[in-house]
Amino acid sequence: MTKKIHITAIKNSEKDILRSLSIQTFLDTYAAVNTPENINAYLAKSFSVQRLDSELNNTNSQFYFARTEGAIAGYLKVNTGEAQTEQGLADAVEIERIYAAKAYHGKGVGKALMQHAITLASAANVRWLWLGVWEKNTHAIEFYKQQGFEIFGTHNFLMGDEPQSDFMMRRKIT
């Protein structure tokens, strides 16, 4: 377990740090199990400076860093309303991204970020907190189950030009 973990809102001035961490954690998680072409296409689309600018300025999206011992150990992105990647999920908050840096795996960073997401969903007075997770990411699926999430559906996710299937998981809040 890492020493005290602080969750702080990400400022626009920290966009470059967020972008670097986003790319690195995504590569650490998915590069070994996808083609380089698909990974590069996804990174170019999803983590461009323009895209992150737009997401950081969207009032229905919020980003947070997990910080410990002076280092950034992970990050969280939550969406409400029209920013959610699946529309039609009323009365819900979405965790779109939750990642711990590789050096902090197993040290409580993911749990701290998840608890923050639960707190945000509770404060928003919604019934559900939900997320999408690649069906082959068994480690993450088990972590989410331990946090009280259950599978309630699937949706398609495009990794470059390869369609993949995500489990949609949710946890009851209120």
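Since the model is a prediction, treat every value here as computed from it, not as a measurement. Position numbers for residues count from 1 along each chain, tracking the sequence in the order it is written. Totals for whole chains, interfaces and linings use every residue, but because this is a predicted model, local features are given only for residues with pLDDT of at least 70 and side-chain atom pairs only at 80 or more, for both listing and counting. In computing side-chain properties, one takes all heavy atoms of the structure into account and sets aside hydrogens as well as water.

Thoughts on the packing of aromatic side chains
Moving on, step 1. Pairing of aromatic side chains here covers Phe, Tyr and the six-membered ring of Trp, requires ring centres within 6.5 Å, and sorts the geometry by plane angle: under 30 degrees stacked, over 60 edge-to-face, intermediate tilted. Enumeration over the complete set of coordinates arrives at 9 aromatic pairs.
Moving on, step 2. Their ring planes at 45° and their centres at 4.7 Å tell us that F26 and Y30 sit as a pair that is tilted. One end of the pair is F26 and the other is Y30, both in helix α1 (residues 15–30) and 4 residues apart, which spans about a single turn.
Moving on, step 3. Accessible area is worked out with a 1.4 Å probe on protein chains only. A residue is then buried under 20% of its type maximum, exposed over 50%, and partly exposed in between. Take F26: its relative accessible area is 3%, and that puts it in the buried class.
Moving on, step 4. Accessibility expressed as a relative area gives 11% for Y30, which makes it buried.
Moving on, step 5. These aromatic residues form a ring-pair network of at least three members: F26, Y30, Y42, F47, W134 and F157.
Moving on, step 6. Any Lys NZ or Arg CZ found within 6 Å of a ring centre and within 35 degrees of that ring's normal is scored as a charge over the ring. Over the aromatic face of W128 sits the side chain of R170, whose NZ or CZ is 4.1 Å from the ring centroid. Starting at the N terminus, helices and strands are each numbered in turn, a helix being any DSSP run of H or I of at least four residues and a strand any DSSP run of E of at least two.

So, the sheet that holds strand β5 (residues 128–134)
Moving on, step 1. Within the open sheet, the 7 strands sit side by side as β1-β2-β3-β4-β5-β7-β6. Their pairing is mixed. Of all strands in the sheet, those bounded by a partner on one side alone are β1 (6–9) and β6 (150–159). The mean inter-strand angle of the sheet, taken between neighbouring strand axes irrespective of direction, is 30°.
Moving on, step 2. Here, a strand pair is defined by DSSP locating no fewer than two bridges between the strands. Looking at chain direction, β1 and strand β2 (residues 61–68) are connected through 4 bridges and run antiparallel. Structural elements are reduced to axes, namely lines fitted to C-alpha atoms, with helices fitted over the stretch in contact, and the angle between N-to-C directions of any two is expressed from 0 to 180 degrees.

Section: helix α3 (residues 49–56)
Moving on, step 1. Within α3 the residues assigned to the buried category are L52, E55 and L56. Taken down its axis, α3 places every buried residue within 95° of arc, on the same side.
Moving on, step 2. Buried positions along α3 lie against α1, β2, β3 (71–79) and β4 (92–100). By arc we mean the arc of the directions from the helix axis to the C-beta atoms, nothing more. Here, two residues are considered to be in contact whenever any of their heavy atoms come within 4.5 Å of each other.

Structural notes on the layout of surface pockets
Moving on, step 1. The computed volume of the largest pocket comes to approximately 1300 Å³.
Moving on, step 2. Definitions used for this entry: grid spacing 1 Å over protein atoms alone; cavity, a set of points where a 1.4 Å probe fits but cannot get out; pocket, an open set with protein on both sides within 12 Å along at least 5 of 7 lines; lining residue, one with an atom within 4 Å of a point. If you trace the largest pocket, you find 47 residues lining it, with Y30, I98, Y99, N137 and Y144 closest to the centre.
Moving on, step 3. Residue assignment for the lining of the largest pocket shows that the elements contributing at least two residues are α1, α2 (36–46), β4, α4 (109–123), β5, α5 (138–146), β6 and β7 (162–172).
Moving on, step 4. The greatest single-element share of the lining of the largest pocket, amounting to 7 residues, is contributed by β4.
Moving on, step 5. Each residue receives one of three labels: charged for Asp, Glu, Lys and Arg, nonpolar for Ala, Val, Leu, Ile, Met, Phe, Trp, Tyr, Cys and Pro, and polar for the others, Gly being one of them. Of the residues contributing to the lining of the largest pocket, the split by class is 20 nonpolar, 14 polar and 13 charged. Grid points are joined across faces, edges and corners, and a volume is the space filled by probe spheres set on the points.

Here we look at unusual backbone geometry
Moving on, step 1. For E69, which is not glycine, the phi dihedral falls at a positive 50°.
Moving on, step 2. For E69, the location among the structural elements is in the loop between β2 and β3.
Moving on, step 3. Within the chain, N125 stands out as a residue other than glycine whose phi angle is a positive 60°.
Moving on, step 4. Mapping N125 onto the fold places it in the loop between α4 and β5.
Moving on, step 5. Here N125 falls in the exposed class, since its relative accessible area comes to 57%.

Looking at the nonpolar core
Taken as a class, soluble globular proteins show a tendency for nonpolar side chains to be buried jointly.
Moving on, step 1. F26, Y75, I95, M114, L129 and Y144 are the most contacted members of the largest nonpolar core, which totals 46 residues.
Moving on, step 2. Ranked by the residues each element gives to this core, the list is headed by α4, at 6 residues.
Moving on, step 3. Apart from the residues within four sequence positions on either side, F26 is in contact with A31, I39, Y42, L43, F47, Y99 and M159. We define the nonpolar core as a collection of buried residues of types Ala, Val, Leu, Ile, Met, Phe, Trp, Tyr and Cys that are connected through side-chain atoms lying within 4.5 Å of one another.

A few points about the packing of α1 against α3
Moving on, step 1. The interhelical angle for the contact between α1 and α3, taken along N-to-C directions, is 115°, at an axis separation of 11 Å. In terms of orientation, α1 lies roughly perpendicular with respect to α3. The hand of the α1/α3 crossing is right-handed. Residues K15, L18 and R19 of α1 touch α3, and the partners they reach there are V49, L52, D53 and L56.
Moving on, step 2. Here the residues of the contact of α1 with α3 are counted per class, giving 4 nonpolar, no polar and 3 charged. To sort the angles, those under 35 degrees are grouped as roughly parallel, those over 145 as roughly antiparallel, those from 65 to 115 as roughly perpendicular, and the leftovers as oblique. Each helix crossing is assigned a hand: it is left-handed if the near helix lies turned anticlockwise from the far helix by less than a right angle, otherwise right-handed if that turn is clockwise.

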